[in-house]
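# Structural features, examined
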Amino acid sequence: MNTSQAAAPGLRERKKQQTREALSWAALRLAVDRGLGNVLVEDIAAEAGVSPRTFNNYFSSKAEAITWRHLNRARRTADLLRAQPPGEPLWESITRAVVAQAGDERSTPDPEWTAGVRLMISEPELQGEFLKASVAAERECAAVVAMRTGTDAGRDLYPWLVAAAIGAAIRVANEQWLRTEPPVPLGPLLRDALSQIAAGLPPPPAR
C-alpha cells in the first residue's frame, strides 16, 4: 500500500467530520434564530451548502443534528482526558479537559443568543435527544476514567459515578450560564462546578 492510499481514509473521515460539524452548526443557528419547529431539513442543508440527501446520510432528525455537538464535545473531552499526564490528580485532569471545550473563558455570550438557546432547549423533541447524547457521553467518559484509575467500567461503580458527576457539573454550569444576567463566560462556571464536586460538595458558606 502506498502512502497516499494509507492517508486517504483519514482524509475521508476528516471531511465527514467537517460535514457533520457544518450541518450541526447550521441546525443550531437556524433553530435559535427561527425556533426548532420553523426549520426544515432542506433549510439546514442549504445553510450548510449540501443536499437534503446528504443531511439524511448523517442525521435522522433536526434534533439529532443539534445534539450531536453535545456528544462531540464529550468525545473531545474524553480524548483530552486520555491525553493528560498519567500521574496528575484525576479531577485536575478532568477540569482541564472539560474547560478546554468551553472556548474563551473571558468572553461573554450575546444576550439574544442565550435567549434563543433557552427557548430552543425547552423543546421536548430536543430534550429527548439530549438525554440520549448524555448517556452516550457518560459511557465514553466512564471508559477513560476506568483506564486512568485502574478500575473496570464493566464491573465497578467508580468510573460511572465520576462520569455521571462530570455530566451533572456540565449540565448545571450550562443552565446557570444561560440564565445568569448579565451574561458571564461559561469556563469559570464549569471550573467552579467541578471544583465543588472534587472537594466532596462541602456545605456552602453562610450568607
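What comes next is a walk through the structure. Predicted model only: the values in this text are computed from it and were never measured.

### Here we look at the overall build of the protein chain
When its secondary structure is counted, the protein chain shows nine helices and zero strands. Along the protein chain, helices and strands appear, N-terminal first, in the series α-α-α-α-α-α-α-α-α. Taking the principal axes of the C-alpha coordinates as reference, the protein chain spans close to 55 × 55 × 30 Å. Sorting the 207 residues of the protein chain into buried and exposed places 36% on the buried side. Within the protein chain, counting contacts between residues at least 6 apart in sequence, those at least 24 apart form 64% of the total. Roughly 12,100 Å² of accessible area belongs to the protein chain as shown, and the carbon and sulfur atoms make up 55% of that amount. For the protein chain, the distance from the average site of its 25 positive side-chain charges to the average site of its 24 negative ones is 5 Å.

### Some words on the nonpolar core
Soluble globular proteins tend to pack their nonpolar side chains together in the buried interior. In this structure, Ile44, Ile66, Ile94 and Met120 are the most contacted members of the largest nonpolar core, which totals 44 residues. Within the residue set of this core, elements represented by two or more residues are helix H1 (3-34), helix H4 (62-83), helix H5 (90-99), helix H6 (111-120), helix H7 (124-149), helix H8 (158-179) and helix H9 (186-198). For this core, the element with the most residues is H8, which contributes eight residues. Core analysis: the second largest hydrophobic core is formed by five residues, Ala74, Ala133, Ala136 and Ala137 among them.

### Thoughts on H9
Under the 1.5 Å per step criterion, the end-to-end length of H9 is 18 Å for 13 residues, consistent within 8% with the ideal 18 Å. Two residues or fewer after H9 comes Gly200, characterised by a positive phi angle close to 85°.

### Comments concerning the packing of aromatic side chains
Applying the stated criterion across every chain yields a total of two aromatic pairs. Relative to Phe59, the ring of Phe55 has its centre 5.9 Å away and its plane inclined at 50°; by these criteria the two rings are tilted. Phe59 carries the same exposure label as Phe55, and that label is buried. Ring plane angle 65° and centroid distance 6.3 Å describe the contact between Phe59 and Trp68, whose orientation is recorded as edge-to-face. The same class applies to Phe59 and to Trp68, which are both buried.

### Comments concerning the pattern of salt bridges
Applying the stated rule across the entire model yields nine salt bridges. Lys132 is the salt-bridge partner of Glu129, the closest N and O atoms lying 3.3 Å from each other. On the criterion of helical spacing, the pair formed by Glu129 and Lys132 is a turn pair, its members being three residues apart in helix H7. Given a relative accessible area of 15%, Glu129 falls into the buried group. The exposure class of Lys132 is exposed, given its relative accessible area of 54%. Across the pair Arg155 and Asp152 runs a salt bridge whose closest N-O atoms are separated by 3.4 Å. Because the salt bridges share partners, they merge into one network encompassing Asp152, Arg155 and Asp156.

### Some details on H5
Burial analysis of H5 places eight of its ten residues in the buried class, the great majority of the element. Within H5, burial applies to Leu90, Trp91, Ser93, Ile94, Thr95, Ala97, Val98 and Val99. Of the surrounding elements, those touching the buried residues of H5 are H4, H7, H8 and H9.

### A word on unusual backbone geometry
In this structure, Leu201 is a non-glycine residue whose phi angle is positive, near 50°. With respect to the helices, strands and loops of the structure, Leu201 is situated in the segment after H9.

### Section: the packing of H5 against H9
Put simply, H5 and H9 touch, their axes get as near as 10 Å, and they point 160° apart. It follows from the interaxial angle that H5 and H9 lie roughly antiparallel. Where H5 crosses over H9, the handedness of that crossing is right-handed. Residues Trp91, Ile94, Thr95, Val98 and Val99 of H5 lie in contact with H9, whose contacting residues are Gly187, Leu190, Arg191, Leu194, Ile197 and Ala198.

Rules used in this analysis
Residues numbered from 1 in each chain as written. Predicted model: local features only at pLDDT ≥ 70, side-chain atom pairs only at ≥ 80, totals over all residues. Heavy atoms only, no water. Helix = DSSP H or I, 4+ residues; strand = E, 2+ residues; numbered from the N terminus. Buried < 20%, exposed > 50% of the residue type's maximum accessible area, 1.4 Å probe, protein only. Contact = heavy atoms within 4.5 Å. Areas by Shrake-Rupley, 256 points an atom, 1.4 Å probe, with all protein chains shown as cover. Lys, Arg positive; Asp, Glu negative; His and termini not counted. Charge placed at Lys NZ, Arg CZ, Asp CG, Glu CD. Core = buried A, V, L, I, M, F, W, Y, C linked by side-chain atoms within 4.5 Å. Expected span 1.5 Å × (residues − 1). Phe/Tyr/Trp six-rings, centres within 6.5 Å; stacked < 30°, edge-to-face > 60°. Salt bridge = Lys/Arg side-chain N within 4 Å of Asp/Glu carboxyl O. Axes fitted to C-alpha atoms, helices over the stretch in contact; angles between N-to-C directions. Parallel < 35°, antiparallel > 145°, perpendicular 65-115°, else oblique. Left-handed = near helix turned anticlockwise from the far one by under 90°.

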